[in-house]
Amino acid sequence: MFETLVGDGVVLKPLEPWHAGEFAEHMSRAGDHIRPWVGPTFVTDTVDGARATLQRYATATANDGARIYGLWNDGTLVGGVMFVAFDPMWGNCEVGCWLEPGAVGAGFITRSVELLMEWAFLERGMSRVEWRCRTDNDRSVAVARRLEMRSEGVLRSSWVYDGNRYDKEVFSILRTEWMSTRPVIAQ
Ligand SMILES: CC(C)(COP(=O)(O)OP(=O)(O)OC[C@H]1O[C@@H](n2cnc3c(N)ncnc32)[C@H](O)[C@@H]1OP(=O)(O)O)[C@@H](O)C(=O)NCCC(=O)NCCS
């Protein structure tokens, strides 16, 4: 129910507070891999912490704001995608993602973000989808480029991790650009 197939045995569906136990288990596999690249409050060590993260998203979703979706591969939560920010009044949103190491390299994220963009542009009439990542996050930069997002510039020394400061790059794709790459569907 409420799930979309994104690959062989891989589904994308809303990740909600009742998944806190699964999310915490997944974080024990993903934490070290994602910690340098994602917001500090996202990586949790406990079920309560996992529930708090998912509850923050659930509350935001109830207010038509941020949203989070999990990726299950053969029934195991292996990562996900989210609208880090979602502002229908201004038509702007930002998409983010993460995977545990065993799920990297199979195209799950590119396919999932395509689905989020389709929903944002077509169903919600958004004008702009943004992607922000550390400039040295090669795999994340590759996703943005694969999705034909354009680099808009670098926020110098704006990301802090483990006492060091890093540059962050902003990518985006506009509704007009995204529509022009879609195949025309005959009426
Ligand atoms: C960023 C991250 C989610 C990207 O994961 P990813 O697996 O590289 O991205 P995708 O799921 O889109 O997969 C792309 C890879 O699958 C391959 N692939 C296979 N089938 C594919 C398909 N149908 N479509 C697209 N790519 C496919 C691609 O060739 C690519 O592999 P390659 O880079 O070795 O050539 C992952 O590296 C990660 O979790 N990093 C840590 C957390 C993080 O950085 N989050 C983002 C913060 S901004």
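One structure accompanies this document, and this report is about it. (Residues numbered from 1 in each chain as written. Predicted model: local features only at pLDDT ≥ 70, side-chain atom pairs only at ≥ 80, totals over all residues. Heavy atoms only, no water.)

**Here we look at the overall build of the chain**
A tally of helices and strands in the chain yields five helices and eight strands. Written out in order from the N terminus, the α and β elements of the chain read β-β-α-α-β-β-β-α-β-α-β-β-α. Computed over its C-alpha atoms, the radius of gyration of the chain comes to 16 Å, within 12% of the 16 Å expected for a compact globule of 187 residues. Each principal axis of the C-alpha distribution contributes one length, and for the chain these read about 50 × 45 × 35 Å. (Helix = DSSP H or I, 4+ residues; strand = E, 2+ residues; numbered from the N terminus. Rg over C-alpha atoms; globule rule 2.2 N^0.38 Å.)

**Here's the deal with the pairing of strand S7 (residues 150-161)**
As paired elements, S7 and strand S8 (residues 164-174) share eight bridges and run antiparallel to each other. Note that in S8 the partner of Gly 153 across the bridge is Val 170. Between S7 and S8, which pair antiparallel and follow one another directly, the connecting turn spans two residues, one of which, Asp 162, has a positive phi of 55 degrees. (Pairing = 2+ DSSP bridges.)

**A closer look at the site of the ligand**
The environment of the ligand is formed by 20 residues, the closest being Gly 105, Ile 109, Thr 110, Asn 137 and Arg 139. For the ligand, an oxygen atom lies 2.7 Å from a polar atom in the side chain of Asn 137. Across the complex, the protein chains shield 71% of the 940 Å² of accessible surface that the ligand would expose by itself. Of all the elements in the fold, those that place two or more residues in the shell around the ligand are helix H1 (20-34), strand S5 (92-99), helix H3 (108-123), strand S6 (128-134) and helix H4 (138-146). (Near = heavy atom within 4 Å. Polar contact = N/O pair within 3.5 Å; in protein donor to acceptor, adjacent residues only side chain to side chain. Areas by Shrake-Rupley, 256 points an atom, 1.4 Å probe, with all protein chains shown as cover.)

**Notes on the environment of Pro 40**
With respect to the helices, strands and loops of the structure, Pro 40 is situated in the loop between H1 and helix H2 (47-62). Given a relative accessible area of 75%, Pro 40 falls into the exposed group. When the C-alpha positions of Pro 40 and Val 160 are compared, they lie 9.5 Å apart, and in sequence the two are 120 residues distant. (Buried < 20%, exposed > 50% of the residue type's maximum accessible area, 1.4 Å probe, protein only.)

**With respect to the layout of surface pockets**
What the largest pocket holds in volume is close to 890 Å³. Along the wall of the largest pocket there are 36 residues; nearest its centre are Trp 37, Val 38, Cys 97, Trp 98 and Ser 140. At the level of secondary structure, the elements contributing two or more residues to the lining of the largest pocket comprise H1, H2, strand S4 (76-87), S5, H3, S6 and H4. Among the elements that line the lining of the largest pocket, the one with the most residues is S5, at six residues. Split by residue class, the lining of the largest pocket holds 20 nonpolar, nine polar and seven charged. Around the second largest pocket, the lining residues are Phe 2, Glu 3, Thr 4, Leu 12, Lys 13, Pro 14, Tyr 69, Phe 83, Leu 115, Leu 116, Glu 118 and Trp 119. Those elements that provide at least two residues to the lining of the second largest pocket are strand S2 (10-14) and H3. (1 Å grid on protein atoms, 1.4 Å probe; cavity = no way out; pocket = protein on both sides within 12 Å on 5 of 7 lines; lining within 4 Å. Points joined across faces, edges and corners; volume = space filled by probe spheres on them. Nonpolar A, V, L, I, M, F, W, Y, C, P; charged D, E, K, R; others polar.)

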